[in-house]
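Chain by chain, the residues run as shown.
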Amino acid sequence: MTYVGIDKLCFYTSNFYLDLKELAKARNQEVDKFYVGLGQEQMSIHPPDEDVITLAANAAWLAIQDIDPNDISMILFATESGLDFSKSCGVYIQHLLGLPKTCRILEVKQACYSGAGALMLAMPYLQQNPTKKVLLITSDIARYGLNTPGEPTQGCGSAAMLLSANPKLIAIEPESGYYSDHTWDFWRPNYSKDAIVDGKYSTRVYLTTLQECWKEYQKNSHREYSDHTRFCYHLPFTKMAEKAHERLRRTCGVDQITDSLISDSLEYSRRVGNSYTASLFIGLASILDHAQNDISGQRIGFFSYGSGCVAEFFSGIVQKDYKNHLTTLYHKNLLDQRKELSITEYEEFFNHALPETGVEYATPRYTTGKFRLAGVKDHTRQYEKMF
Ligand code: HMG
């Protein structure tokens, strides 16, 4: 059998962040509610000249550095922050990165789940086309609104993955367990910039779907909890993964929680915040970048949850030599070099809106990334390469 999976994984986030200490002060909350209760310390905030396309273009640019771009035959763009009812975000990426025109491009949507869903759909394609590569991009901006309970769980980021046969990082195993239901836990109507959420209910649905997916996964794979040495959960906030892991452990009748099974996966998200479709894969990057010992040959269990809701539990095996194909230093520098915002600056960024009348508009310069949103003209977004 040909092994298929993730050959390269790079993430990108905004150059600006808000420390949740400052948010707690401004909203008259205890810092520990955010730092300990939610397990979040910072959140990336996008400036006016950054959007899901620029986040994605930066992540994808890095992911394709060592390959012949002509090998890419499909671009899948997973997002719930889509910019157009018609045109997919992936077409912008093809243009900005000069990717082949002989490429199938699609945008996929189902809340935070669509990145994992697209990954699973790409696997049989690569089994049948083992010389091809798929560029899977997950990119999102999480917005709940100022002074809302969801505010400390915002963030933004993009994870770009090259998927291929004989992958260098993770081989995805074919058996998985999925589950879906018609729930109103979190959604964003077309007329709204911010999500509508029933926060407490959403955490309960997340945990119920985890149990349902695990049951299906076990039935299909015949694997036990102990067959996995790490777990990587969707991360709306890091405490959610701790609750999820506790639920799985109890479901499986496992007594002792071993912190290291999930702790490496939480490092980046504690600083980036929720990045919806990207968060599971930023969790994976966090495991690969932070694992102290060589974890090649080990099995990671993944749980992706998308509100509304669709969820899936699947698994992957870390590949030999994976350490030689990481971009750890880039990721660490990216986070360390971000600029901290004051509350006033954060609120100004949050309230900035592009004109919706078609009038020509130039966005102010903030981002230090390789791509920026220069403005709008005739109802079309204009992008600039900064190199
Ligand atoms: P809240 O109601 O303001 O917070 O919002 P809370 O009162 O529940 O407190 C949070 C935790 O902090 C609690 O811990 C408190 O006890 C603790 P818990 O009981 O949950 O273990 N706490 C403290 N701890 C230490 N020191 C203190 C202190 N004070 C309180 N001083 C909520 C929380 C998550 C509901 C809110 O932030 C929210 O609505 N967030 C957005 C929704 C969300 O993230 N849901 C997660 C599951 S759904 C999902 O993952 C999908 C999603 O990513 C979207 C998609 O799929 O598209 C969201």
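Let us look at the structure shown here. (Residues numbered from 1 in each chain as written. Predicted model: local features only at pLDDT ≥ 70, side-chain atom pairs only at ≥ 80, totals over all residues. Heavy atoms only, no water.)

Re empty space enclosed by the protein
Left-over empty space is what a probe sized like a water molecule reveals as it rolls over the atoms.
Right, on to step 1. Under the defined criterion, the tally for this structure stands at two cavities of 30 Å³ or more.
Right, on to step 2. Reported here for the largest cavity is a volume of approximately 90 Å³.
Right, on to step 3. Looking at the largest cavity, the residues that line it are Ser-44, Ile-45, His-46, Ile-141, Ala-142, Arg-143, Gln-154, Gly-155, Cys-156, Phe-349 and Phe-350.
Right, on to step 4. Elements represented by at least two residues in the lining of the largest cavity include exactly strand S6 (133–142), strand S7 (155–165) and helix H12 (343–351).
Right, on to step 5. Its boundaries defined by the atoms lining it, the second largest cavity holds a volume of some 30 Å³.
Right, on to step 6. If you trace the second largest cavity, you find it lined by Leu-9, Ala-285, Leu-288, Asp-289, Leu-326, Thr-327 and His-331.
Right, on to step 7. Looking at the lining of the second largest cavity element by element, the count peaks at three residues for helix H10 (residues 279–290).
Right, on to step 8. Each residue belonging to the lining of the second largest cavity can be placed in one class, and the counts come to four nonpolar, two polar and one charged. (1 Å grid on protein atoms, 1.4 Å probe; cavity = no way out; pocket = protein on both sides within 12 Å on 5 of 7 lines; lining within 4 Å. Points joined across faces, edges and corners; volume = space filled by probe spheres on them. Helix = DSSP H or I, 4+ residues; strand = E, 2+ residues; numbered from the N terminus. Nonpolar A, V, L, I, M, F, W, Y, C, P; charged D, E, K, R; others polar.)

Some points on the layout of surface pockets
Right, on to step 1. Put simply, the largest pocket is a space of about 1700 Å³.
Right, on to step 2. Along its surface, the largest pocket is lined by 49 residues, and Ser-81, Gly-82, Leu-83, Asp-84 and Arg-188 are the ones closest to its centre.
Right, on to step 3. Those elements giving two or more residues to the lining of the largest pocket turn out to be strand S5 (104–108), strand S10 (186–187), H12, strand S17 (371–377) and strand S18 (380–385).
Right, on to step 4. The greatest single-element share of the lining of the largest pocket, amounting to three residues, is contributed by H12.
Right, on to step 5. Taken as a whole, the second largest pocket holds about 800 Å³ of empty space.

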